[in-house]
Amino acid sequence: MYFPIGFLLIFFLTVFILYFCRKKYAMNTLCEKNHCEKVHLLNELAKPFGFFYCSSQDVMTSRLDAWQKGFGYQSLYDSAAPFFNMVFDCEPVYFDYDGKTWLIELWKGQYGINIGGEIGIYYANSILTPDQYDQTIFHAVADTNLFPMHMKLYLKSNPLFSVCRPHWWLTGFCMGSYCEPDDLEMKLSITFPNNQMMQSFVKSLKNLGYQPCELYTHFQKITFTFRKPHTVQPHRTHSYITKLSQWKNQIFCKLYCFLTRPFTCTEDRILYLYFFFPAIIRSLFQFHSVHIAMQREASSRL
């Protein structure tokens, strides 16, 4: 009888000692690195997932050469998102220009343990009818045709970050934060190659329900705010899955903050986990497996 009890005591004592030894090692290793070394290492970790760390904003954002570009976009990605713990508002805007149907889509919401926003620019090879939109895989614009974009994301009127650069998929993600999509507001601007293309986009925005007073245009640039989406939201058709996903997201956010205390910035938190629990890094950058899974599901339905 006493042998099992003694064995358990030794086991838990060993685990306890290993835990604190590992924790001390992780903290010491992190503290030995300067800011530039930490940013460099974090970007090396994030690169295979298509992201890099913007230290001035303390956000993760997408790379120009992100592997996700090869998958393009299909509406199935949005409808499947709640099953992968991504609950967001989306606003797909389809418009025709130069013999092609274009898609500029906006997203804002909860992505696992991240609060984030996205602007994506895609096109089809021909003019599509509305009933073809959901069955079509749109291509990302080429590097030679990137659109200058600017995005500011707010949480209950409090600014989270601001990112600005020519891109095909402009993003920003704050790790370890939780919200409901309705709590977010995105202010954005997009500069088009010419005024004709911008006017076609503006026309589609008005058809969705945006008022002329909400849209500010200057030459080839349009500026407006994405608050409440004007299109049907996929996550609202899966209310049970959505609530379950948000419940898990909230728990994992608290767990992430608990495990990474007393650190506050993303570079310290992620690298601390990298030195302490290397396997956890894969779950932080979950976009790789998520997009692969959704692309496979999309392909199986075509």
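Refer to the structure printed above.
Summarised in this report is the structure supplied together with it. (Residues numbered from 1 in each chain as written. Predicted model: local features only at pLDDT ≥ 70, side-chain atom pairs only at ≥ 80, totals over all residues. Heavy atoms only, no water.)

### So, the overall build of the chain
We count it as follows: A run of DSSP states H or I qualifies as a helix once it reaches four residues; a run of E qualifies as a strand once it reaches two. Both are numbered from the N-terminal end. In this scheme, a residue with accessible area under 20% of its type's maximum is buried, one over 50% is exposed, and one in between is partly exposed, where area comes from a 1.4 Å probe on protein chains only. We call two residues contacting when some pair of their heavy atoms lies within 4.5 Å.
Helices and strands together make up the secondary structure of the chain, namely eight helices and 12 strands. Here the chain holds 302 residues, and 48% of them are scored as buried. Considering only contacts in the chain between residues 6 or more positions apart, those separated by 24 or more positions represent 66%.

### What about the environment of Y133?
Within the secondary structure, Y133 sits in the loop between β5 (114-123) and β6 (139-140). A residue is classified by how much of its surface remains accessible, and Y133, at 15% relative accessible area, is buried. Spatially, the C-alpha atom of Y133 lies 8.3 Å from that of Q74, the residues being 59 residues apart in sequence.

### So, the packing of helix α5 (residues 239-259) against helix α6 (residues 266-276)
Put simply, the rule reads: To get an axis, fit a line to the C-alpha atoms, keeping to the stretch in contact for a helix; angles then go from 0 to 180 degrees between the N-to-C directions. Should an angle fall under 35 degrees it is called roughly parallel, over 145 degrees roughly antiparallel, and 65 to 115 degrees roughly perpendicular, with every other angle called oblique. Three categories are distinguished: nonpolar for Ala, Val, Leu, Ile, Met, Phe, Trp, Tyr, Cys and Pro, charged for Asp, Glu, Lys and Arg, and polar for the others, with Gly belonging to the last.
As a packed pair, α5 and α6 sit with axes 10 Å apart at the nearest point and diverge in direction by 80°. Judged by the angle between their axes, α5 and α6 are roughly perpendicular. From α5, Y256, C257 and L259 reach across to α6, where they touch R269, I270, Y272 and L273. Classifying every residue of the contact of α5 with α6 gives six nonpolar, no polar and one charged.

### Section: the side chain of K38
Examined against the element boundaries, K38 turns out to sit in helix α2 (residues 35-46). For K38, the contacting residues outside a window of four places in its chain are L30, K33, E267, D268 and L271.

### Re the packing of aromatic side chains
Spelled out, the test is: A pair of Phe, Tyr and Trp rings is counted when the ring centres sit within 6.5 Å of each other, with Trp represented by its six-membered ring. The angle between the planes then sorts it: under 30 degrees is stacked, over 60 is edge-to-face, the rest tilted. Here, over-ring charges are defined by two tests on the NZ atom of lysine or the CZ atom of arginine: distance to the ring centre within 6 Å, and angle to the ring normal within 35 degrees.
This structure, assessed with the given rule, holds 22 aromatic pairs. Judged by centre distance (6.3 Å) and plane angle (45°), the ring pair of W102 and F147 falls under tilted. Here the residue W102 occupies a position in strand β4 (residues 100-111), and F147 occupies one in strand β7 (residues 147-155), the gap between them amounting to 45 residues. You'll find W102 and F147 in the same group, each marked buried. Between F263 and Y272, the ring centres sit 5.3 Å apart and the planes meet at 50°, which makes this aromatic pair tilted. Judged by its relative accessible area of 12%, F263 falls in the buried class. Taking relative accessible area as the criterion, Y272 reaches 1% and is therefore assigned buried. Each residue in the set F95, W102, Y123, F147, F192, F201, Y210 and F224 is aromatic and connected to the rest through ring pairs, giving one cluster. Residue placement shows K108 over the ring face of F226; its charged tip is 5.2 Å from the ring centre.

### Re the sheet that holds strand β12 (residues 221-226)
Filter applied, for reference: Paired strands are those between which DSSP finds at least two bridges.
Here five strands make up an open sheet; going across it, the order is β8-β7-β10-β12-β11 and the pairing antiparallel. Of all strands in the sheet, those with a lone pairing partner are β8 (158-167) and β11 (216-218), marking the two edges. Taking each pair of neighbouring strands and ignoring which way they run, the sheet shows an average axis angle of 10°. Looking at chain direction, β7 and strand β10 (residues 184-191) are connected through seven bridges and run antiparallel. Residue L155 lies in a different strand from β10, and its bridge partner there is L184. Taken strand by strand, helix α4 (residues 195-208) contacts β7, β11 and β12, and its axis lies near 25° from that of β12.

### Notes on the pattern of salt bridges
Heads up, the rule is: By salt bridge we mean one thing: a side-chain nitrogen of Lys or Arg within 4 Å of a carboxyl oxygen of Asp or Glu.
Tallied over the entire structure, the rule returns five salt bridges. Two residues, D268 and K38, come together in a salt bridge whose shortest N-O distance is 2.8 Å. Linking D268 in helix α6 with K38 in helix α2, this pair joins segments that are 230 residues apart in sequence. Side by side, D268 and K38 carry an identical accessibility label, which is buried.

### Description of the environment of F147
For F147, a relative accessible area of 2% puts it in the buried group. Taking the C-alpha atoms as reference points, F147 and W168, separated by 21 residues in sequence, lie 6.7 Å from one another. Apart from the residues within four sequence positions on either side, F147 is in contact with W102, I121, V141, R165, P166, H167, I190, T191, F192, P193 and M197.

### Focus on the nonpolar core
Where we set the bar: Only buried residues count toward a nonpolar core. Its members are Ala, Val, Leu, Ile, Met, Phe, Trp, Tyr and Cys residues joined through side-chain atoms within 4.5 Å.
Counting 78 residues, the largest nonpolar core has F192 and I222 as its most contacted members. If one sorts the elements of this core by residue count, strand β3 (residues 86-97) sits on top with seven residues. Not counting residues within four places of it along the chain, the set of residues in contact with I222 comprises L188, S189, I190, F192, M198, F201, V202, L205, L215, Y216 and T217.

### Observations concerning the side chain of K108
This is how it is decided: We call two N or O atoms a polar contact when they sit within 3.5 Å, provided that within protein one can donate a hydrogen and the other can accept it, with sequence-adjacent residues counted only if both atoms are side-chain atoms.
Its place among the elements puts K108 in strand β4. By relative accessible area, K108 is classed as buried at 0%. At a separation of 3.1 Å, a polar atom in the side chain of K108 contacts the main-chain carbonyl oxygen of L184. Of the polar contacts made by the side chain of K108, one reaches the backbone oxygen of R227; its length is 2.9 Å. Those residues within four positions of K108 in sequence are excluded, and the remaining contacts are F88, D89, G116, G117, L153, P181, L184, E185, M186, F226 and R227.

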